[in-house]
Amino acid sequence: MNKEQLLALNAIGKPVGIDVFFTIQQYVNQEAYWLNHEKLNEWCDSLEDDLVYWAPLRENILRRNRTPEISPSKVPLFEENKDSIIMRLRRNDSGMCWTEDPPTRQITAVSNLEIFHTDKVDEFEVHTVFTLYRSRFERDDSTLMGRRKDIWRKVGNDYRLAGRLILLQQSTLLTKNLNVFM
Amino acid sequence: MSMNIGSLIDHENGVIDRRIFSDADIYQQELKQIFSRCWNFVAHESQIKSFGDFITTYIGEDAVIVTRAKDNSINVMLNSCPHRGNKVCFAGEGKIRSFVCNYHGWAFGLDGKLNGMPENQLYDKTEGFNKSDWGLHKARVEVYKGLVFATFDEEAPSLGDYLGDFRWYMDAILDVDDKGTEFIPGTTRSVVKCNWKYPADNFVGDIYHALWTHLGAAESTLSASGGIQVSNENSYQSSVNGHGWEFSLANNFGNAATMGDKDIVKYLRSREDEITKRLGSVRAKMIGSVASAAIFPNFAFLPGYLTFRTFLPKGPMETELHSWTLVPSEASDEIKDKWRLGAMRTFSPGGILEMDDGENWEHATLGNSGYVTRHQKLCYAMDPTKGESIPIDLPGIVTKGQLNDANQRLFFKRYAEFMDAKSWADIPLAKKQF
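Rules behind the numbers
Residues numbered from 1 in each chain as written. Chains lettered and ligands numbered in written order. Predicted model: local features only at pLDDT ≥ 70, side-chain atom pairs only at ≥ 80, totals over all residues. Heavy atoms only, no water. Contact = heavy atoms within 4.5 Å. Buried area = accessible area lost by both parts, 1.4 Å probe. Salt bridge = Lys/Arg side-chain N within 4 Å of Asp/Glu carboxyl O. Polar contact = N/O pair within 3.5 Å; in protein donor to acceptor, adjacent residues only side chain to side chain. Axes fitted to C-alpha atoms, helices over the stretch in contact; angles between N-to-C directions. Helix = DSSP H or I, 4+ residues; strand = E, 2+ residues; numbered from the N terminus. Left-handed = near helix turned anticlockwise from the far one by under 90°. Nonpolar A, V, L, I, M, F, W, Y, C, P; charged D, E, K, R; others polar. Expected span 1.5 Å × (residues − 1). Buried < 20%, exposed > 50% of the residue type's maximum accessible area, 1.4 Å probe, protein only. Pairing = 2+ DSSP bridges. Core = buried A, V, L, I, M, F, W, Y, C linked by side-chain atoms within 4.5 Å. Domains from an automatic or database assignment. Phe/Tyr/Trp six-rings, centres within 6.5 Å; stacked < 30°, edge-to-face > 60°. Lys NZ or Arg CZ within 6 Å of the ring centre and 35° of its normal.

Visitor: Looking at this structure, how should I read the interface of chain B and chain A?
Guide: Accessible area lost upon the coming together of the parts serves often as the stated size of an interface. The interface of chain B with chain A comprises 43 residues on the first partner and 41 residues on the second. Summing the contributions of chain B and of chain A, the shared interface buries around 3,600 Å²; its carbon and sulfur component is 55%. For chain B, the biggest contributors to the area lost against chain A are Arg 340, Arg 345 and Glu 359 of chain B; these three give 17% of the whole. Run the count over chain B and chain A and you get eight salt bridges. Counting the contacts that link chain B with chain A gives 26 residue pairs in polar contact (both at pLDDT 80 or more).

Quick look at the structure:
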C-alpha cells in the first residue's frame, strides 16, 4: 500500500452488494468500538502489516494555484505504518503517561459509509466520515470532523484495514493535540 | 496606563508574578511593547524561493503576508487592505502576481504597492488622492542564514545586533555546510489554550520537565537505551539578549535518538568531522544533542528533531502554534524524509512528546483565572551550580548545567526590559564578542 494509491480513491468503482456491505460495516463498527474504548492493542492487531495510515495537513490554497493542497512529500499529521503505531502504543502502555490520567473520554461516530469494488478482488474501497468528540478532565472539549478513504482487504474470513487516508477539515487544528487514532 | 512589569518579575531570585500569564491589560501591553518592536521570525527563505511565492502568518496578532517580489526582494506587509481593512489574502501559501481585496477589488503588488482598483477614474478625479500613499503597510525585513525576520519598529537595531552573539550558536544548525538549510513543505498549525510565554520559557531553558513530563513517551523510543539521559555534567545554558539555548555536550545525538531513527543519528555522525572543521568541536555537538532553544520573544527550535516553531499570541490565554521541520539542504532525500517523519512522530499535535506539553501549559494558564491563584508567585529559582566556573569559552551569559532555571530567569528579565521601555533606546543590547 502507498500514499499515491490512497490519493486515487475517488469512489468511482462498482458499489458492493448487500452481503459484503453488511459484513464490512461490522468490521468498521468493530474498529470504532476499539478506538472508543482504549482497546488500541486489539485495534493494532487487526491492522494489515503493510498498512499506510496517513493524515495529511490541510492548507488554504487558492483555486487558481496549480500545486496540489495535499502531497505525499509534505509534512503530515500522521503518516504511520504498523511498526510506528506499535511505537506510539508503547507510550500509552508505559504507565507514565501522566496527561492521560484521568483518561480522555472519546466518541468517534462513523457515518456516510460507501463501499466499492477495486481492481483487486480481495480489496475494497471504503469511504466514511467521522465526528470525533473528546472530553477531558472538567471542561476540556474538542470536536473534529473528517473524511476517511480506506482500503480494507479480505484475509481468510476477516476484513483488515490496509490503507487509510484521513482528511480532517481544519487547516488550523483548534485543539492542543491528536492523542487519538481516527 | 501601562503597568510596571519589572515589579512583577524578580529575575535575580527567580520569583515571578502569575498575572503576566493571564492579565488582559498586560497582554495588550505585550502586543505593543514586544511584538510590534522585536524582530519576529516570519518565514524560511525556502518557503518563498521565487518570484510570486508567498506565505501568510502573524506578527503578534497582526496578520502579515511574506512575498518574494520580481527584484528577488522579500517583502513583509500587513494583510489588511488600507481601504476598509479586509484581509487581502486568505491562502496560507501559494504563488501569485497580485493580491486583490475581495471587498472592493483594490489590487496590491508583491511589493505591497497599490497597483489599481475597479473604476480607477473615481480616484483619478479625487483631489489629493495618490495611490502611492495607500499601499499595504510594510515591515522591515532582514534574513539570517535562511531565516526571515521582520519588525514594524523603525527604531529597532539591525537583526544582527538583535540576535547578537546568539548567531554563534544558531550557526550550529544553520551553517554546518555550504548548502544551508530548508524547510520541508507543510506548516503544522494548532491551538493551545495557554499563554504564549509558557511554551517560550519551556524552549528557552526547561529541560527539567523532560525528566518527568515525557517519561512515558521516552519509553517508546528510548527504553532500550535506558531512557532520557540529562545531567549537569558537561552541559550548559547560554543566554544572549533574552534568546537562549540549553544544551548537553556529553551526549552528541540525544535529541536525534529520541526520534527512534538510527539513520538520522548515523547521518549526523557522518557529518561530525566536517562540522568540527568548520565550527569547532563544541558546536559540532550541538546539532543533535539533548537541547532546546528559543529566540526572543516567541520563536523556538529543537536541535536533533530540527522542529522550528512560533508561538503566536491569540489573547492572554490562547496560543497558535505554527511549526516546520528544517533540514540541511545537502542531506539526501531519504534522510530528509526520515526527518519529516521523525519530527512529526515526536513534535507535532499527534507527536508522542508534544502531546504531553500542551496539556501542562493549558492548565498552568487556566489556573490563573482564579483571583487568589493569580496573586501567588511562581518559582523560577533553580540554580544548583551558582558560582561554578565555565571551563570552555562560550558567548553570552553562560551557566553550568542544563538543569537550571537560568535561561528562563534571563528570558523574563528581557521581557520586563521590553515591557517597561519607552523606546528601543531604553533596551540594552549585549556587546558582540564572537
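Visitor: Would you explain the packing of helix H4 (residues 82–92) of chain A against helix H6 (residues 215–222) of chain B in this entry?
Guide: Between two packed helices, the angle of one axis relative to the other and the distance separating the axes together describe the packing. Running from N to C, H4 of chain A and H6 of chain B point in directions that differ by 145°, and their axes come no closer than 7 Å. The handedness of the crossing between H4 of chain A and H6 of chain B is right-handed. Contacts between H4 of chain A and H6 of chain B involve Met 87, Arg 88, Arg 90 and Arg 91 of chain A from the former and Gly 216, Ala 217, Glu 219, Ser 220 and Thr 221 of chain B from the latter. Its residues assigned to classes, the contact of H4 of chain A with H6 of chain B shows two nonpolar, three polar and four charged.

Visitor: Would you mind going over helix H13 (residues 406–420) of chain B with me for this structure?
Guide: Since the α-helix packs 3.6 residues into each turn, any two residues three or four apart lie on the same face. In this model H13 of chain B runs 21 Å from its N-terminal to its C-terminal C-alpha over 15 residues, within 8% of the 21 Å that 1.5 Å per residue would give. The element H13 of chain B is largely enclosed, with a buried count of 12 among its 15 residues.

Visitor: When you look at unusual backbone geometry in this model, what are you seeing that I'm missing?
Guide: Following Asp 101 of chain A, the chain continues to Pro 102 of chain A via a peptide bond in cis, the omega torsion being 0°. One can find Pro 102 of chain A in the loop between H4 and strand E3 (105–117). Going from Phe 296 of chain B to Pro 297 of chain B, the amide bond is cis rather than trans, its omega being 0°. Summarising the element assignment, Pro 297 of chain B is placed in the loop between strand E17 (291–295) and strand E18 (299–302). Positive phi outside glycine occurs at Asn 241 of chain B, with the angle close to 55°.

Visitor: Just to check I follow, could you spell out the side chain of Asn 407 of chain B for this structure?
Guide: Residues and elements named next belong to chain B. Residue position: Asn 407 is located in helix H13. Assessed through its relative accessible area of 0%, Asn 407 is described here as buried. At 2.9 Å, the side chain of Asn 407 forms a polar contact with the backbone oxygen of Val 204. Within the structure, the side chain of Asn 407 is placed 3.1 Å from the backbone oxygen of Ser 238, a separation counted as a polar contact. Other than its neighbours up to four places away in sequence, Asn 407 contacts Val 204, Gly 205, Gln 237, Ser 238, Ser 239, Gly 244, Trp 245 and Glu 246.

Visitor: In this structure, what is going on with the sheet that holds strand E4 (residues 53–59) of chain B? I would like to understand it.
Guide: Backbone hydrogen bonds hold the strands of a sheet together, and the pairing may be parallel or antiparallel. All names here are of chain B. Ordered in space as E6-E5-E4-E7, the four strands form an open sheet in which the pairing is antiparallel. The strands lining the two open edges of the sheet, one partner per strand, are strand E6 (74–78) and strand E7 (93–95). Averaged over all adjacent pairs, the angle separating strand axes in this sheet is 25°, with direction ignored. The pairing of E4 with strand E5 (residues 62–68) spans six bridges and is antiparallel. The partner of Phe 54 across the bridge, within E5, is Thr 67.

Visitor: Can you walk me through the pairing of E5 of chain B in this structure?
Guide: Taken residue by residue, a regular strand's side chains alternate between the two faces of the sheet. Residues and elements named next belong to chain B. Judged by how many residues are buried, E5 sits mostly within the fold: six of seven residues are covered. What sits between the antiparallel neighbours E4 and E5 is a turn of two residues, in which Gly 60 has the positive phi angle 60°. Bridge count between E5 and E6: five bridges; the pairing is antiparallel. Paired with Val 66 across the bridge in E6 is Val 76. Here E5 folds back onto E6 in antiparallel fashion, the turn holding five residues, of which Asn 72 has a positive phi close to 75°.

Visitor: Would you explain the nonpolar core in this entry?
Guide: Proteins that are soluble and globular tend to have nonpolar side chains buried together. Residues and elements named next belong to chain B. Counting 130 residues, the largest nonpolar core has Ile 20, Trp 245 and Tyr 415 as its most contacted members. The leading source of residues in this core is helix H4 (residues 166–174), at seven residues. Judged by nonpolar contacts, the second largest core, of 18 residues, contains Cys 81, Cys 89, Phe 108 and Met 117.

Visitor: Explain the domain arrangement of chain B here, please?
Guide: All names here are of chain B. Taken as a whole, chain B is organised into domain 1 (40–142) and domain 2 (164–426). Once you take the C-alpha centre of each, domain 1 and domain 2 turn out to be 33 Å apart. Tallying the contact residues gives 10 residues for domain 1 and 16 residues for domain 2. Summing the contributions of domain 1 and of domain 2, the shared interface buries around 1,100 Å²; its carbon and sulfur component is 56%. The three residues of domain 1 that bury the most area against domain 2 are Phe 41, His 44 and Tyr 58, which together make up 45% of that side's buried surface. Remark: the boundary between domain 1 and domain 2 carries zero salt bridges.

Visitor: Even after reading the chapter, I still don't get the environment of His 37 of chain A, so can you show me in this structure?
Guide: Looking at the element boundaries, His 37 of chain A is found in the loop between helix H2 (18–36) and helix H3 (40–45). Taking the C-alpha atoms as reference points, His 37 of chain A and Glu 59 of chain A, separated by 22 residues in sequence, lie 31 Å from one another.

Visitor: Please clarify how the environment of Gly 244 of chain B should be interpreted in this entry.
Guide: Residues and elements named next belong to chain B. Tracing the backbone through its elements, the reader meets Gly 244 in strand E16 (residues 243–248). In this structure, the C-alpha to C-alpha distance between Gly 244 and Gly 146, residues 98 residues apart in sequence, is 19 Å. If we ignore the near neighbours within four places in the chain, the residues touching Gly 244 are Phe 166, Val 204, Ser 238, Ser 239, Ser 292, Ala 293, Ala 294 and Asn 407.

Visitor: Mind showing me how you'd approach the sheet that holds strand E8 (residues 98–100) of chain B here?
Guide: All names here are of chain B. Reading across from one edge, E8-E9-E10 is the order of the three strands in this open sheet, with antiparallel pairing throughout. The open sheet is flanked by E8 and strand E10 (114–116), the only strands paired with a single partner. Neighbour-to-neighbour, the strand axes of the sheet open up by a mean angle of 35°, direction not taken into account.

Visitor: Any chance you could explain the pairing of E4 of chain B here in plain terms?
Guide: Residue and element names in this part refer to chain B. Buried residues dominate E4, accounting for seven of its seven residues. Because side chains alternate across E4, one face comprises the buried residues Asp 53, Ile 55, Thr 57 and Ile 59, and the other comprises Phe 54, Thr 56 and Tyr 58, equally buried. The sheet contact formed by E4 and E7 spans three bridges and is antiparallel. Bridge pairing in E7 places Asp 53 opposite Lys 95.

Visitor: Quick question: what am I supposed to make of the packing of aromatic side chains here?
Guide: Given two aromatic rings, one states the distance between the centres and the angle between the planes to describe the pair. Considering all chains together, one arrives at 43 aromatic pairs over all chains under this definition. Taking 5.9 Å as the distance between ring centres and 40° as the angle between the ring planes, the aromatic pair formed by Phe 166 of chain B and Tyr 169 of chain B counts as tilted. One end of the pair is Phe 166 of chain B and the other is Tyr 169 of chain B, both in helix H4 and three residues apart, which spans about a single turn. Side by side, Phe 166 of chain B and Tyr 169 of chain B carry an identical accessibility label, which is buried. Across the ring face of Phe 137 of chain A, the terminal group of Arg 136 of chain A is positioned such that the distance to the ring centre comes to 4.4 Å. Lying over the aromatic face of Tyr 58 of chain B, Lys 314 of chain B brings its terminal NZ or CZ to 3.4 Å of the ring centre.

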